[in-house]
Number of protein chains: 4
Amino acid sequence: MGNLAEPRAQQPALAELDYLLQRFRQVRATSEAICAPLQIEDYVIQSMPDVSPPKWHLAHISWFFEAFLLKPYLKGYKPLNDAYDHLFNSYYETHSTPFPRTQRGLISRPGVEDVYRFRQHVDRAMGELLVNPPQQHAAEIMRRVELGLQHEQQHQELLLMDIKHILAQNPLHPTYRSDLKPAPVVHNDRIRWHDYAEGVYHIGHAGGGFAFDCETPRHRQFVEAFQLADRPVSNREYLSFIADGGYARSDLWLSDGWALIRQYGWNAPFYWHRDENGWYEMTLSGLQPLDLEAPVCHVSFYEADAYARWAGARLPTEAEWEVAATDQPRRGNFLENDHLQPVAASIPHPGPAQLFGDVWEWTASAYRPYPGFRPLEGSLGEYNGKFMSGQMVLRGGCCATPEAHIRATYRNFFQPAMRWQFAGLRLAREL
Amino acid sequence: MGNLAEPRAQQPALAELDYLLQRFRQVRATSEAICAPLQIEDYVIQSMPDVSPPKWHLAHISWFFEAFLLKPYLKGYKPLNDAYDHLFNSYYETHSTPFPRTQRGLISRPGVEDVYRFRQHVDRAMGELLVNPPQQHAAEIMRRVELGLQHEQQHQELLLMDIKHILAQNPLHPTYRSDLKPAPVVHNDRIRWHDYAEGVYHIGHAGGGFAFDCETPRHRQFVEAFQLADRPVSNREYLSFIADGGYARSDLWLSDGWALIRQYGWNAPFYWHRDENGWYEMTLSGLQPLDLEAPVCHVSFYEADAYARWAGARLPTEAEWEVAATDQPRRGNFLENDHLQPVAASIPHPGPAQLFGDVWEWTASAYRPYPGFRPLEGSLGEYNGKFMSGQMVLRGGCCATPEAHIRATYRNFFQPAMRWQFAGLRLAREL
Amino acid sequence: MGNLAEPRAQQPALAELDYLLQRFRQVRATSEAICAPLQIEDYVIQSMPDVSPPKWHLAHISWFFEAFLLKPYLKGYKPLNDAYDHLFNSYYETHSTPFPRTQRGLISRPGVEDVYRFRQHVDRAMGELLVNPPQQHAAEIMRRVELGLQHEQQHQELLLMDIKHILAQNPLHPTYRSDLKPAPVVHNDRIRWHDYAEGVYHIGHAGGGFAFDCETPRHRQFVEAFQLADRPVSNREYLSFIADGGYARSDLWLSDGWALIRQYGWNAPFYWHRDENGWYEMTLSGLQPLDLEAPVCHVSFYEADAYARWAGARLPTEAEWEVAATDQPRRGNFLENDHLQPVAASIPHPGPAQLFGDVWEWTASAYRPYPGFRPLEGSLGEYNGKFMSGQMVLRGGCCATPEAHIRATYRNFFQPAMRWQFAGLRLAREL
Amino acid sequence: MGNLAEPRAQQPALAELDYLLQRFRQVRATSEAICAPLQIEDYVIQSMPDVSPPKWHLAHISWFFEAFLLKPYLKGYKPLNDAYDHLFNSYYETHSTPFPRTQRGLISRPGVEDVYRFRQHVDRAMGELLVNPPQQHAAEIMRRVELGLQHEQQHQELLLMDIKHILAQNPLHPTYRSDLKPAPVVHNDRIRWHDYAEGVYHIGHAGGGFAFDCETPRHRQFVEAFQLADRPVSNREYLSFIADGGYARSDLWLSDGWALIRQYGWNAPFYWHRDENGWYEMTLSGLQPLDLEAPVCHVSFYEADAYARWAGARLPTEAEWEVAATDQPRRGNFLENDHLQPVAASIPHPGPAQLFGDVWEWTASAYRPYPGFRPLEGSLGEYNGKFMSGQMVLRGGCCATPEAHIRATYRNFFQPAMRWQFAGLRLAREL
């Protein structure tokens, strides 16, 4: 759940409302554009418990506006279907009983058309609400709309992750889109290291724009001197790790990771396939030859950690990463770049390249609250805080993240065994 | 797999071929008619490992004709898509690698339209083959077409079972069809018993029409004298069993059944729901008040067996059932009657009523080979024989069985815990 | 649970009681003799859910006498410890709550010494009861003592099965006894077939001695003509099946069996090990070179069934087996022969050899009730009947069965995947 | 694995060796004293995968000396049994193949007597080694002996945890020792808060004595101002949480914890039992009425975290805990106090009471490496570092910890769901 760092006492100006409504329409349209290449059948499938059917995503992000804005604030609002409050609640236990997550793929109806009808219903009502919000709640409404849009942007990335996973189950290797932008032809140089001095740093969001609650409060951390690699680890480098027996040497692995790769027989990143002609990777353009210069992607935390140990380095902590990223421009390969696949950086860069976009970077830090952390009030307080156990932090966004959604203080988090997100790594080491 | 009891040496007459082609078209059309009320989304879902997505069923029954007729016998036949041979092979290990059963619901493509295109492709080619079959294979071709049609009829029942299961996952209780024929208003009399004398009986198919291999060879069994109830157990009677603590008395249950009902908390037949107004049942017309006079349905073998013990009776063996059914007319509530739900018998009957149709009747017999059993040659030999372990025999067909598909010697089989098929029971006892 | 075929109205004579008490002491002593070679630590372990710790066996067979004889019939009987009624009840749901089977290996106390003290306590009280039984219950008491002794004999075989399994977990391959009688040096001839005519046969126990309820009532079955092999399948023959790819050919297997051997990677009987010098077998004398002439042992029903199919034959039904065994002398390699391992038959035999002893022979028959079957009254009715689901019948006893315990009508049963019992097979075929 | 902060270049003096040998004997004797009250049967049981049979513990801690000292450094050392190197290796993948952890309870032999013989064998050889260590390795030998003793002390606590767990499986509630020291009669005051100022603190071990590698390197952390409670949460306070519906309010729980308590039906700490007379707790003295003043114990991290949230506070981070503990005397209720159960503090205390002993205190910190962390070289490097995933840090030792084993920088760690260790909590909050 997010908050605006400074609560606004005054009424929002008309221009602000107008701008918000415009953004609302843009963000909502983007979700539908992401789904446009799908067949109806694609919308229905839950290919593993962590994946949701695309039609569920589309409905759930509308439910969010209905549950937290339309029902409390739009006078006379009539839900399209009362059952949706149960069906499309993801995990807000204090709001209503969520429909069981693992059963989302068992529900054929409401169908895709119904879901789009639900979206239109919500969009019309949201338009009404934003044109003329009740005065006394206007600030809270704007705050929640902002949160709803950020939430929808998160689901845009999830949609792409899940679509990729769904299509990847299919031995026919179907293509999501055949018109994606191809990777540039680039050859990486060897990794170079950037140095950072020890000191007490401010970490967390400083206010002045949207941030999720878990990025706050801004606080101080002492960071020892360290070095950070100028780019993520590439597929070529990761292949050296594999060739050197990386998946067969217990000394490189955390104990949990070693148990995992032996249980499941992992010996390469997720989505990699090998045949007699070499390595291929399942992408949103179908099965493609592995791009050796691109950042390695779809690795678990355990694999990232083992690679770093093999390379004589380590993963950066999230504080180190933030120290390095804090004054860097937010440039990179995002959703809007239309690769939908990490690519090698083509342009020289003064600081570390590709901190933003391409691949989420696993950090060495467990996802835990910052000192003084307070979740949002009410059901929205379930957004982030209750997941602060058993997960590792990733930073920087990826090729499926909307550009406007990311920032240096952004904390993403996944369980260490997860691989279907666009996750890679960057090396750090002691100075 | 079936066989024609007497191999025909001579060529089939033109009229025979013509008739077969007509039947082919009818049977094929019925499968599509069954699916007509579905939305595309309904076609995709595998609601449990034993259920297959309707589009998979539609494709698989075409695959059967392709694999066992078009590829071996139609010169110049070109498959629509080579991958289908893998995707739509159900379990014929000696034919090609079957796509894993539990993953059928993870494959969005080929989509529904593609599947219908595949059906048309196969139908066209089958028409070609049947108009002018290669002389030396004509008898075998006719035998296999017959088998393919019987196979498709089995899947028609499976389609209805699976559609019911898929829709039943949905808390909205969607309706498959709202125009199904309603149940007659009837009040059952008390059960009456029919007597059968001891003796050596011939059991199994006598030839002169289609039968599956597992119904043969016809052989002798000694059957002790017994009595058989004149109708299946009704919902009203089953409610008395429940009211009498039937699900709480370990002495009524087989040990495996007792463990099962305690593990899963079963306390009523599958698809039953209770609220403050009484009992309801999920049907293909949606959630409906329980019809007290209708045969109890969707019970496991363990429940059937426990009910019979509670009632001071037992289940009939399959030989006893066949002795009773062998000279009875094949009348009953079948697919064609368009109830798609068991109903009480409305017409008095000289012998035991409802032996055919309404509900499959669990027998006391494990599904094992008859003395001298020989499976069909080649991959078709995998049709029945390899499942002769861990399953119980059911007899008589149900409200979702095509009428032409059933006969007195027909052996259906399910694992004793299964409940999504239309299965009920009829009592027997020692004379 | 067993019954004496003819209920005796009169009082048992003193000599009968005296003889029963003598047998009681012998049977009880045998159980302790079986455990004598154990270390205390061996008594505690439950090496899989189906195995029970030896000290549990020893206590449970005493519990049986306490629960079904001492408590109901010995005036003033005081249990040694009231908790034992719960701890050592195996599965009699209608008697008291059984301690969960899978947790028997979690209970260190009562310890081994306590268990022996419990046995002595029960033995003393049983002596008292049998010297002077209450007149009106004397016949029932004798019936139950007989049942208790048969029960204890079953557990003698179970003790040896479980001790073997427990020691086999240990990479040190410990030896239960190093003084077991070695196998004779014999070379098997090729299998010869015995012929049996079709007809109506009487099957089941005829009375005139002890039998379990499941062996009754005696009834008629029609059996088609068949042939039965003159000896069980040998290890040498089973090795040919393995060498011929028996474990890699799906066409030889029942579907459940094929899934099983692929899931667990089975490629030989249980307890077999291979190293560069050839095949070894874990035995109660520790790891030993495989005896090629001995009957193959520790195979599942699925393996027995697949072997038979590979050999162009099949397993006999239990009726066929009983027809062949009914007039054969009960000679063979039993517990008392002190091999505790199946061995090749060394003496020529007029009928089929080794029907009794050496290995239990898997039959083609599911374990189901005979026509007219009635379980014993009360809790003792849980002895057999409730297990008549999901199991296959085995016949003839094995090298760990007490000789006096077996007979031609004896029906043993195990789930088809089980392998830790001494189970092999004999071939049958159509005449 | 531990290290001595300053590597010693010079040879150890004779007095040092003598002292070490004395400590060696004392520590070794303590392990055996802990096991003295056990019956042989108790030594064998593995009551859950995380528990090891006591005889395994006793053997494993000897194996450690054999593997890392006797084999590399004692010339002519002969292992008692070569198989022990495999059987008693816990998890050192780079040393030899560890025997599977979950199967430790399946091995009856070597038996208890053999294990004590193994200990004597190792003790004799260690005596030999320490009387006359090879000069060039003397410093490393002393370092490793120290580590071996620390390792054995850890297993002393584990032995008590595991013995408690083993006996607690038994419905008879057996007593480990009936002569344990009783709890003092004390009434707790309300919690008081100690204040700590913000600042950059040094965290981690400063050298000058033994520490495990994970306590190093000493480094700086910025800690915001905070308050810490003057004692752990008591059973009485925890009962208020239960009475207030603590286990039924999803808003108090981390998502993983909520799923866990619903799956397993947890509604009180581990080892608590309730009957009509109130709450009892299984202890090493058997089942005892709950001591309301004693620190709550055997709670998971999730329960500790939920309690803290309910109480309007939070768990301290491990840095906060260390800041508070660093200058406190190491006094408390340890193994040597012979309660083997947490008790209320009976003596007023200037700083926070009971930081050491009684219960390990869950912290808010995930167990991750300190900046610049380097594991030990070789197999000993597997001691700590590879577990730095999925675990939370606990601080301060407990009533089963040897007093000499604990210190302010000591980092214990368990997975957040674990409850069989003596773990409680202390509250912290923002100043």
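Criteria and cut-off values
Residues numbered from 1 in each chain as written. Chains lettered and ligands numbered in written order. Predicted model: local features only at pLDDT ≥ 70, side-chain atom pairs only at ≥ 80, totals over all residues. Helix = DSSP H or I, 4+ residues; strand = E, 2+ residues; numbered from the N terminus. Buried ≥ 20, exposed ≤ 12 C-beta atoms within 10 Å, placed from the backbone. Contact = placed C-beta atoms within 7 Å. Nonpolar A, V, L, I, M, F, W, Y, C, P; charged D, E, K, R; others polar. Least-squares fit on C-alpha atoms with pLDDT ≥ 70 in both. Pairing = 2+ DSSP bridges. Axes fitted to C-alpha atoms, helices over the stretch in contact; angles between N-to-C directions. Parallel < 35°, antiparallel > 145°, perpendicular 65-115°, else oblique. Left-handed = near helix turned anticlockwise from the far one by under 90°. UniProt positions renumbered as here; feature names shortened; annotations may be inferred. Domains from an automatic or database assignment. pLDDT = per-residue confidence, 0-100.

Q: Explain the overall build of chain A to me, please; I cannot follow it from the model alone.
A: Helices and strands together make up the secondary structure of chain A, namely nine helices and 14 strands. Over its C-alpha atoms, taken along the principal directions, chain A stretches across nearly 65 × 55 × 40 Å. Considering chain A as a whole, with its 431 residues, one finds that 49% of them fall into the buried category. Considering only residue pairs separated by 6 or more positions, chain A has 81% of its internal contacts joining residues 24 or more positions apart.

Q: Where do I start with the interface of chain A and chain B in this structure?
A: Interface size, as often reported, equals the accessible area lost upon joining of the parts. Across the contact, 22 residues belong to chain A and 22 residues belong to chain B. Looking at the side of chain A that touches chain B residue by residue, the classes come out as eleven nonpolar, eight polar and three charged.

Q: Which parts of the structure should I look at to understand helix H9 (residues 318-325) of chain C?
A: Since there are 3.6 residues in each turn of an α-helix, residues three or four apart along the chain are aligned in direction. Among the eight residues that make up H9 of chain C, eight are buried, leaving the element largely enclosed by the rest of the structure. Considered for burial, the residues of H9 of chain C that qualify are Glu 318, Ala 319, Glu 320, Trp 321, Glu 322, Val 323, Ala 324 and Ala 325 of chain C.

Q: Please clarify how the interface of chain B and chain C should be interpreted in this entry.
A: Between chain B and chain C, the residue contacts involve 25 residues of the former and 25 residues of the latter. The element best represented in the side of chain B that touches chain C is strand E5 (residues 219-223) of chain B, accounting for four residues. Residues of the side of chain B that touches chain C, tallied by class, amount to nine nonpolar, eight polar and eight charged.

Q: Before we go on, may I ask you to explain the relation of the copies chain B and chain C in this structure?
A: Of the transformation placing chain B onto chain C, the axial shift is 0.0 Å and the rotation is 180°, giving an RMSD of 0.0 Å. On the angle and the small slide along the axis, the relation comes out as a two-fold axis. Among all C-alpha atoms of chain B, that of Phe 222 of chain B lies closest to the rotation axis, at 2.5 Å. Interface overlap between copies is the fraction of interface residues in one copy that are interface residues in the other; for chain B against chain C it reaches 100%, indicating a shared surface.

Q: I'm lost on the pairing of strand E8 (residues 278-283) of chain B in this one. Help?
A: Within a regular strand, the side chains alternate between the two sheet faces. Residue and element names in this part refer to chain B. Where strand E7 (residues 272-275) and E8 come together, four bridges link them in antiparallel fashion. In the sheet register, His 273 faces E8, and the bridge partner there is Tyr 280. Hairpin connection, E7 to E8: the antiparallel pair is bridged by two residues. Where E8 meets strand E9 (residues 286-289), four bridges bridge the pair, whose relative direction is antiparallel. Bridging across to E9, Tyr 280 finds its partner in Pro 289. Hairpin remark: E8 followed by E9, antiparallel, with two residues in the connecting loop.

Q: What should I look at first to understand the packing of helix H7 (residues 255-264) of chain B against helix H8 (residues 301-310) of chain B in this one?
A: Geometry of a packed helix pair, given as the angle between the helix axes and the separation of the axes. Residue and element names in this part refer to chain B. Where H7 contacts H8, the axes come no closer than 9 Å and their chain directions differ by 115°. When the axes of H7 and H8 are compared, the pair comes out roughly perpendicular. Taken as a pair, H7 and H8 cross one another with a handedness that is left-handed. Where H7 approaches H8, its residues Asp 256, Gly 257 and Leu 260 are matched on the opposing element by Tyr 302, Asp 305 and Ala 306. Partitioned by chemical class, the residues of the contact of H7 with H8 number three nonpolar, one polar and two charged.

Q: Mind showing me how you'd approach the UniProt feature "domain: Sulfatase-modifying factor enzyme-like" (unreviewed entry) in chain A here?
A: Under the UniProt annotation, "domain: Sulfatase-modifying factor enzyme-like" (unreviewed entry) lies at residues 209-342 of chain A. Secondary structure content for residues 209-342 of chain A is 28% helix and 19% strand, and the end C-alpha separation is 28 Å.

Q: Which parts of the structure should I look at to understand the relation of the copies chain A and chain B?
A: Relating one copy of the chain to the other requires a rotation about an axis plus a shift along that axis. The two copies are related by a screw motion: chain A maps onto chain B through a turn of 180° and a shift of 0.0 Å along the axis, at an RMSD of 0.0 Å. Mapped onto chain B, 100% of the interface residues of chain A are again interface residues, and the two copies thus contact each other with one and the same surface.

Q: What is the right way to read unusual backbone geometry from this model?
A: Trans is the prevailing form of peptide bonds, just as negative phi is the prevailing case for residues other than glycine. Each neighbour pair has its own omega, and for Thr 216 of chain C with Pro 217 of chain C the value is -5°, a cis peptide bond. Looking at where Pro 217 of chain C falls in the secondary structure, it is placed in the loop between strand E4 (210-212) and strand E5 (219-223). Even without being a glycine, Asp 338 of chain A presents a positive backbone phi close to 65°. Looking at the secondary structure, you find Asp 338 of chain A in the loop between helix H9 (318-325) and strand E10 (360-366).

Q: Would you mind showing me how to read the domain arrangement of chain A here?
A: Residues and elements named next belong to chain A. Split into domains, chain A comes out as domain 1 (2-168) and domain 2 (193-430). Contacts between domain 1 and domain 2 engage 23 residues on the former and 22 residues on the latter. Of all the secondary structure elements, the ones that give two or more residues to the side of domain 1 that touches domain 2 are strand E1 (2-4) and helix H5 (138-168). Looking at which element gives the most residues to the side of domain 1 that touches domain 2, the answer is H5, with ten residues.

Q: In this structure, what is going on with the sheet that holds strand E10 (residues 360-366) of chain B? I would like to understand it.
A: Two pairing modes exist for strands in a sheet, parallel and antiparallel, and in both the strands are linked by backbone hydrogen bonds. All names here are of chain B. Overall, mixed pairing links the four strands, which are arranged E12-E11-E10-E13 in an open sheet. Only two strands of the sheet have a single partner each, and these edge strands are strand E12 (412-414) and strand E13 (423-424). Examined bridge by bridge, strand E11 (residues 392-395) and E12 share three bridges and lie antiparallel to one another. Counterpart to Val 393 in the pairing with E12 is Phe 413. Along the sheet face, helix H9 (residues 318-325) touches E10 and E11 and points at about 135° away from the line of E10.

Q: Sorry if this is basic, but what is going on with the arrangement of the chains here?
A: Of all C-alpha pairs spanning chain A and chain C, none lies closer than 14 Å, and the two are not in contact. The two partners chain B and chain D share no contact, and the minimum distance between any of their C-alpha atoms is 14 Å.

Q: How should the environment of Leu 355 of chain C be read in this particular structure?
A: All names here are of chain C. Relative to the helices and strands, Leu 355 resides in the loop between H9 and strand E10 (360-366). Leu 355 sits in the buried class, given 28 other C-beta atoms within 10 Å. Here the alpha-carbon distance between Leu 355 and Ala 408, two residues 53 residues apart in the chain, equals 8.9 Å. Once residues lying within four places of it in the same chain are set aside, the contact partners of Leu 355 are Ala 324, Ala 325, Gln 328 and Gly 396.

Q: Help me out: how do you make sense of the sheet that holds strand E8 (residues 278-283) of chain A in this one?
A: Residues and elements named next belong to chain A. What the three strands build is an open sheet, ordered E7-E8-E9; its pairing is antiparallel. Here the strands that pair on one side only, and so sit at the sheet edges, are strand E7 (272-275) and strand E9 (286-289). Strand after strand, the sheet turns through a mean of 35° between neighbouring axes, direction not considered.

Q: Can you walk me through the confidence of the model for chain A in this structure?
A: Detail in the predicted coordinates should be disregarded across regions flagged by low pLDDT. Here chain A shows a mean pLDDT of 94. Residues at 70 or above account for 97%. The ipTM value of the predicted complex is 0.94, and its pTM value is 0.95.

Q: Looking at this structure, how should I read the environment of Asp 85 of chain C?
A: Residues and elements named next belong to chain C. With respect to the helices, strands and loops of the structure, Asp 85 is situated in helix H3 (residues 84-87). Between the C-alpha atoms of Asp 85 and Asp 275, which are 190 residues apart in sequence, the distance is 47 Å. Contact partners of Asp 85, with chain neighbours within four places excluded, come to Ala 67, Pro 79 and Ser 96.

Q: Where do I start with the environment of Cys 35 of chain C in this structure?
A: Residues and elements named next belong to chain C. Secondary-structure assignment places Cys 35 in helix H1 (residues 14-35). A residue is classified by how many C-beta atoms lie within 10 Å of it, and Cys 35, with 19 of them, is partly exposed. Along the backbone, Cys 35 and Lys 55 are 20 residues apart, and their C-alpha atoms lie at a distance of 8.9 Å. For Cys 35, the contacting residues outside a window of four places in its chain are Pro 54, Leu 58 and Leu 159.

Q: Even after reading the chapter, I still don't get the packing of helix H1 (residues 14-35) of chain D against helix H5 (residues 138-168) of chain D, so can you show me in this structure?
A: All names here are of chain D. In contact at an axis separation of 10 Å, H1 and H5 are set at 15° when each is read in the N-to-C sense. Comparing the axis directions of H1 and H5 gives the class roughly parallel. You can see that H1 and H5 cross each other, and the crossing is left-handed. The residues of H5 that touch H1, namely those facing Leu 20, Arg 23, Phe 24, Val 27, Arg 28, Thr 30, Ser 31, Ile 34 and Cys 35, are Met 142, Val 145, Leu 149, Glu 152, Gln 153, His 155, Gln 156, Leu 159 and Leu 160. Broken down by class, the residue content of the contact of H1 with H5 amounts to ten nonpolar, five polar and three charged.

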